[in-house]
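Close look at the chain arrangement
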Amino acid sequence: MKDAQHLLRVIIIFVAALVGFLLVRSFLVPESFGKLGHYRANAVDDVLALPRHYAGEPACKKCHAQQASDKAKSSHRHMSCESCHGALQAHVDSPKTVKPSKPKENEMRAFCGNCHGKSLSRPAKFPQVDLEEHNRGMACNQCHQPHQPK
Ligand code: HEC
Ligand code: HEC
Ligand code: HEC
Ligand code: HEC
């Protein structure tokens with residue numbers, strides 16, 4: 001029967017394509033795919049193995065309890081240490097050799113002004129000062145303790 005032959009060819013092509021697809025797929029899909037979800041489970045370990053830059057406040061607390069407890073009682077309590085001092089995992093790993101940065105005296109007004117300089121774009125209730133007028137020429141930390149500004 002001529003018609004059946006047509007069908008047979010189509011079926012053979014489909015089966016060949018399916019086998020080809022499964023073969024290629026078995027090579028391309030990573031081994032751990034689907035173990036935990038629709039992704040490569042080993043990716044979790046890969047990300048964990050990346051170098052850390054930020055240590056997080058609990059790490060700082062162990063050696064700088066005073067600064068941590070001052071800050072916890074102040075209006076800066078919701079700010080993390082590293083938002084002012086920079087990423088410091090390297091300092092946590094070797095505190096003697098890696099010195100953290102802290103804003104220098106002559107940069108202090110610009111540093112605090114990043115958040116507290118008067119600007120219409122800030123919520124009106126956020127504490128702001130006019131940098132041109134508020135105790136001009138003096139570093140902010142001469143009067144405000146950065147870890148306990150209020
Ligand atoms: C294992 C203990 C340890 C940990 C953890 C640690 N530090 Fe330190 N830190 C030190 C030591 C020691 C010094 C040096 C003190 C000195 O030389 O007077 C220091 C100094 C500093 C200084 C002052 C630098 C200066 O020039 O005065 C800052 C700021 C600082 N650390 C911030 C942090 C922050 C933020 C964290 C958390 C990310 C942190 N530290 C975690 C031990 C530690
Ligand atoms: C609002 C920004 C800010 C935050 C948040 C902050 N610091 Fe500081 N820190 C400063 C500034 C500014 C100085 C420099 C003060 C000075 O020289 O008088 C400083 C100085 C220090 C010093 C040097 C010693 C001292 O007390 O002057 C240490 C240690 C320190 N910070 C640790 C920490 C730790 C630990 C945290 C988190 C618990 C933290 N800081 C959070 C701004 C900040
Ligand atoms: C990353 C942003 C940020 C930086 C940098 C920063 N602050 Fe603040 N500051 C805050 C926030 C947030 C508050 C809490 C505001 C609130 O309670 O609504 C605050 C509160 C304060 C207050 C209390 C104001 C009040 O009336 O309650 C003072 C004073 C102050 N900061 C001074 C400083 C000084 C001085 C520096 C520099 C050493 C500094 N801040 C750096 C974000 C910042
Ligand atoms: C000579 C001391 C002195 C210096 C220097 C100083 N301040 Fe103040 N600051 C004060 C006093 C005192 C107040 C409280 C006055 C008030 O509530 O009206 C205050 C209030 C503030 C407030 C709260 C404003 C509010 O609306 O609640 C902020 C924020 C502030 N200062 C940030 C800074 C910043 C940022 C710098 C550095 C650019 C700085 N101050 C420098 C003495 C100082």
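Not measured: the values here are computed from a predicted model. (Residues numbered from 1 in each chain as written. Chains lettered and ligands numbered in written order. Predicted model: local features only at pLDDT ≥ 70, side-chain atom pairs only at ≥ 80, totals over all residues. Heavy atoms only, no water.)

This brings us to the coordination of the iron atom of ligand 3. All of the protein donors around the iron atom of ligand 3 are His76 (NE2) and His116 (NE2); their distances to the metal are 1.9 to 2.0 Å. Coordination at the iron atom of ligand 3 is octahedral: its 6 donor atoms span angles of 87 to 179° at the metal. Of the two residues, His76 sits in the loop between helix H4 (65-72) and helix H5 (81-85) while His116 sits in helix H7 (residues 108-116), which places them 40 residues apart along the sequence. (Donors = N, O, S within 2.8 Å, 3.2 Å for Na, K, Ca; no water. Tetrahedral: all angles 85-135°; square planar, octahedral: opposite > 155°, others 65-115°. Helix = DSSP H or I, 4+ residues; strand = E, 2+ residues; numbered from the N terminus.)

In this section: the side chain of Glu82. Structurally, Glu82 is set in helix H5. Of the side chains with opposite charge, Arg52 lies nearest to the buried Glu82, which makes no salt bridge, at 7.2 Å. Beyond its immediate chain neighbours, meaning those up to four positions away, Glu82 contacts His53, Tyr54, Ala55, Gly56, Ala87, Leu88 and Gln89. (Buried < 20%, exposed > 50% of the residue type's maximum accessible area, 1.4 Å probe, protein only. Lys, Arg positive; Asp, Glu negative; His and termini not counted. Salt bridge = Lys/Arg side-chain N within 4 Å of Asp/Glu carboxyl O. Contact = heavy atoms within 4.5 Å.)

Binding of the iron atom of ligand 2 to the protein goes through His85 (NE2) and His147 (NE2), at separations of 2.0 Å. Bound by 6 donor atoms, the iron atom of ligand 2 shows angles of 87 to 180° at the metal and therefore octahedral coordination geometry. One end of the pair, His85, is in helix H5; the other, His147, is in the segment after H7, and 62 residues separate them in sequence. Take His147: its relative accessible area is 24%, and that puts it in the partly exposed class.

Turning our attention to H4. In an α-helix, one turn spans 3.6 residues, which is why side chains three or four residues apart end up on the same side. All of the buried residues along H4 are Ala68, Asp70 and Lys71. All buried residues of H4 lie within an arc of 165° about the axis, which places them on one face of the element. For H4, the exposed residues lying more than 90 degrees away from the buried face are Gln66 and Ala72. (Arc of directions from axis to C-beta.)

In the vicinity of ligand 4, 13 residues are found, and the nearest of them are His134, Asn135, Cys140, Cys143 and His144. His134 is positioned such that a nitrogen or oxygen atom in its side chain is 2.7 Å from a nitrogen atom of ligand 4. At 2.8 Å, a side-chain N or O of His144 approaches a nitrogen atom of ligand 4. (Near = heavy atom within 4 Å. Polar contact = N/O pair within 3.5 Å; in protein donor to acceptor, adjacent residues only side chain to side chain.)

Take the pattern of salt bridges next. As enumerated under the stated definition, the model contains 4 salt bridges in all. Its salt-bridge partner being Lys71, residue Glu57 comes within 3.1 Å of it at the nearest N-O pair. With Glu57 in helix H3 (residues 57-63) and Lys71 in helix H4, the pair connects residues that are 14 residues apart, well separated along the chain. Using a relative accessible area of 7% as the deciding quantity, one classes Lys71 as buried. Glu107 is the salt-bridge partner of Lys104, the closest N and O atoms lying 4.0 Å from each other. Take Lys104: its relative accessible area is 52%, and that puts it in the exposed class.

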